[in-house]
Amino acid sequence: MATRIFSGIQPTGTLHIGNYFGAIRNWAALQADHDCVYCIVDYHAITIDIDSKALRAASRAMALDLIACGIDPKRSILFIQSSVPEHTELAWILGCITSYGDLARMTQFKEKSAGRKFISAGLFSYPILQAADILLYKAQGVPVGEDQVQHLELSRRIARRFNARFGEFFPEPEPIVGRGARVMSLADPTQKMSASAGEANTIGVMEEEPSIHKKVRSAVTDTGLVAGEEMSPGVANLFEILELATELSGDSAIVEELRADFKAGKLMYSRLKEVVFDSLMGVLRPIRQRRTELEASGKVEEILAEGTKKARAIARENIARVREMVGL
Ligand code: TYM
């Protein structure tokens, strides 16, 4: 049997190029020879104060975005987390074998809770729900960006603890981290690109072309050019994005040329930015085209209903076994 893959994404409303290069394109590639389950994690989204009126639409919009990016509902299971309530049931059980200390160490909690007036218990226990998502499907591989690796370590720890306490059941899920696992913000290249850092910090996969152009043109680089000097974080990030974009188009000659110019101290950043923009649009245009077609076809509800049916069948079987093992 093929290896089971699971991954999730929050329906934040903006699928950005960090999500795409860091995770989603790997999700798509893994479909070729794995049994993939992909989830839009709306239960995770409500750990912070979100606009409830917009959430349902955002979850459906994310489904369209993912399909446009190459997630094929004929090959993979695609569904919205809250349509399979077994996720929260397993999260409760796993929460009872997870320590406060395990959760308090999570750097993402520290980042996400900093400066908030109201810090929900849900935000704190979020990594337990993430472990439940993965373990509910007994997934072995989890394609993610670098910021999720610590959560994955905790998922493995939880799996080990469950197995030691109740008997061998869950595989220990391994992160699958590829190139592009940490795309940085163009406006502040010392920070990772993140929807929660605000719109200026992200480049949306579906964002209007002139807006992307403006953001790329005004990307922070550095002030002066000295031959042989190390790259600033901003220039390194532009090269990283360029490499990721050209990897897909196969056009690596331009990257070599610009790197050589940089070494020789004669690279014009305005040129680098134009090339980054063109290459990026080369990747994004076909995705947008597919997105428009898909939306017009009106099939997303049907696709998600089918995904829910398949996901729930697996979830029900596994949760029944877990209940039995735990003595419920
Ligand atoms: P989320 O929704 O923040 O991000 C979705 C995926 O995109 C990756 N990513 C990035 N990769 C590279 N550079 C960036 N700047 C960047 N920003 C985001 C993330 O690493 C992630 O892979 N907790 C998860 C969602 C989740 C999940 C799961 C993931 C819930 N349950 C189970 C895997 C398995 C999250 O908030 O991802």
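Cut-offs and rules
Residues numbered from 1 in each chain as written. Predicted model: local features only at pLDDT ≥ 70, side-chain atom pairs only at ≥ 80, totals over all residues. Heavy atoms only, no water. Near = heavy atom within 4 Å. Polar contact = N/O pair within 3.5 Å; in protein donor to acceptor, adjacent residues only side chain to side chain. Areas by Shrake-Rupley, 256 points an atom, 1.4 Å probe, with all protein chains shown as cover. Helix = DSSP H or I, 4+ residues; strand = E, 2+ residues; numbered from the N terminus. Nonpolar A, V, L, I, M, F, W, Y, C, P; charged D, E, K, R; others polar. Core = buried A, V, L, I, M, F, W, Y, C linked by side-chain atoms within 4.5 Å. Buried < 20%, exposed > 50% of the residue type's maximum accessible area, 1.4 Å probe, protein only. Domains from an automatic or database assignment. Contact = heavy atoms within 4.5 Å. Buried area = accessible area lost by both parts, 1.4 Å probe. Arc of directions from axis to C-beta. Expected span 1.5 Å × (residues − 1). Disulfide = S-S within 2.5 Å. Axes fitted to C-alpha atoms, helices over the stretch in contact; angles between N-to-C directions. Parallel < 35°, antiparallel > 145°, perpendicular 65-115°, else oblique. Left-handed = near helix turned anticlockwise from the far one by under 90°. Salt bridge = Lys/Arg side-chain N within 4 Å of Asp/Glu carboxyl O. Pairing = 2+ DSSP bridges. Right-handed = clockwise from strand over helix to strand, strands pointing away.

Quick question: what am I supposed to make of the site of the ligand here?
Not every one of the 26 residues close to the ligand is listed here, only the nearest: Y126, D133, G145, D147 and V183. Here D147 contributes a side-chain N or O atom positioned 2.4 Å from an oxygen atom of the ligand. Here Q148 contributes a side-chain N or O atom positioned 3.2 Å from a nitrogen atom of the ligand. Relative to its unbound accessible area of 700 Å², the ligand is 95% covered by the protein chains. The set of elements that each furnish at least two residues to the shell around the ligand consists of strand 1 (4-9), helix 1 (17-30) and helix 7 (121-136). Residue composition of the shell around the ligand, grouped by class: 11 nonpolar, 12 polar and three charged.

Honestly, the nonpolar core in this entry has me stumped. Any pointers?
General note: in soluble globular proteins, nonpolar side chains tend to be found buried as a group. The biggest cluster of nonpolar side chains holds 58 residues, and the ones touching the most others in it are I17, I24, L66 and L272. Counting the residues that make up this core, at least three belong to each of domain 1 (4-176 + 299-326) and domain 2 (195-291). When near neighbours in sequence (up to four residues on either side) are disregarded, I24 contacts I9, L15, N19, L66, C69 and I71. Among the nonpolar cores identified, the runner-up in size contains 41 residues, and V37, F124, A132 and I134 belong to it.

How should I be thinking about the domain arrangement of the protein chain in this particular structure?
Where the parts come together, the accessible area they lose is often given as the size of the interface. Per the domain assignment, the segments of the protein chain are domain 1 (4-176 + 299-326) and domain 2 (195-291). Between domain 1 and domain 2, the contact holds 14 residues from the first and 17 residues from the second. Taking both sides of the interface into account, the surface hidden between domain 1 and domain 2 amounts to around 1,400 Å²; carbon and sulfur atoms contribute 70%. For the domain 1 face of the interface with domain 2, the top three residues by lost area are I17, F21 and A68, together amounting to 41%.

Mind showing me how you'd approach helix 9 (residues 209-217) here?
Turn by turn, an α-helix covers 3.6 residues, leaving residues three or four places apart pointing in a common direction. Within helix 9, the full set of buried residues consists of I212, H213, K215 and V216. The buried residues of helix 9 all sit within an arc of 165 degrees when viewed along its axis, so they share a single face. For helix 9, exposure combined with an orientation more than 90 degrees from the buried face picks out P210 and K214. Buried-residue contacts for helix 9 involve helix 12 (269-297).

I'm lost on helix 8 (residues 149-166) in this one. Help?
Across its 18 residues, helix 8 extends 26 Å between first and last C-alpha, which sits within 8% of the 26 Å expected from 1.5 Å per residue. Those residues of helix 8 that sit buried are H151, L152, L154, S155, R156, I158, A159, F162 and N163. A positive phi of about 115 degrees marks G167, the residue just after helix 8.

Help me understand the state of the cysteines, please; the structure alone is not making it clear to me.
In protein chemistry, a disulfide is the covalent bond that joins the sulfur atoms of two cysteines. Under the criterion given, the structure shown has zero disulfides. C36 provides the cysteine sulfur closest to C39, a residue in no disulfide bond, and the two sulfurs are 14 Å apart. Classification of C39 as buried rests on a relative accessible area of 0%.

What am I meant to see in unusual backbone geometry here?
If you check the backbone angles, K138 has positive phi at about 50 degrees while not being a glycine. Residue placement: K138 occurs in the loop between helix 7 and strand 4 (141-143).

It is not clear to me how the packing of helix 1 against helix 10 (residues 233-249) should be interpreted in this structure. Could you clarify?
Relative orientation of the contacting elements helix 1 and helix 10 amounts to 50 degrees, with a least axis distance of 11 Å. Classified by the angle their axes make, helix 1 and helix 10 are oblique. Here the hand of the crossing between helix 1 and helix 10 comes out left-handed. Residue-level inspection shows I17, Y20, F21 and R25 of helix 1 in contact with helix 10, the latter providing I241, L244, A245, E247 and L248. Per-class residue counts for the contact of helix 1 with helix 10 are seven nonpolar, no polar and two charged.

Whenever I open this one, the pattern of salt bridges confuses me. Can you help?
Side-chain pairs of opposite charge can arise whenever the charged atoms involved come near each other. One pass over the full model with this rule turns up 24 salt bridges. The closest approach of N and O atoms between D102 and R161, which form a salt bridge, is 3.1 Å. In this pair, D102 is assigned in helix 5 (residues 100-104) and R161 in helix 8, connecting sequence segments 59 residues apart. The exposure class of D102 is buried, given its relative accessible area of 2%.

Help me understand the pairing of strand 1 in this model?
Within a regular strand, side chains alternate between the sheet's two faces. Burial analysis of strand 1 places five of its six residues in the buried class, which makes it a mostly covered element. Pairing of strand 1 with strand 2 (residues 35-40) involves six bridges; the strand directions are parallel. Of the residues in strand 2, the one forming a bridge with I5 is C36. Viewed along the sheet, the connection from strand 1 through helix 1 into strand 2 turns out right-handed.

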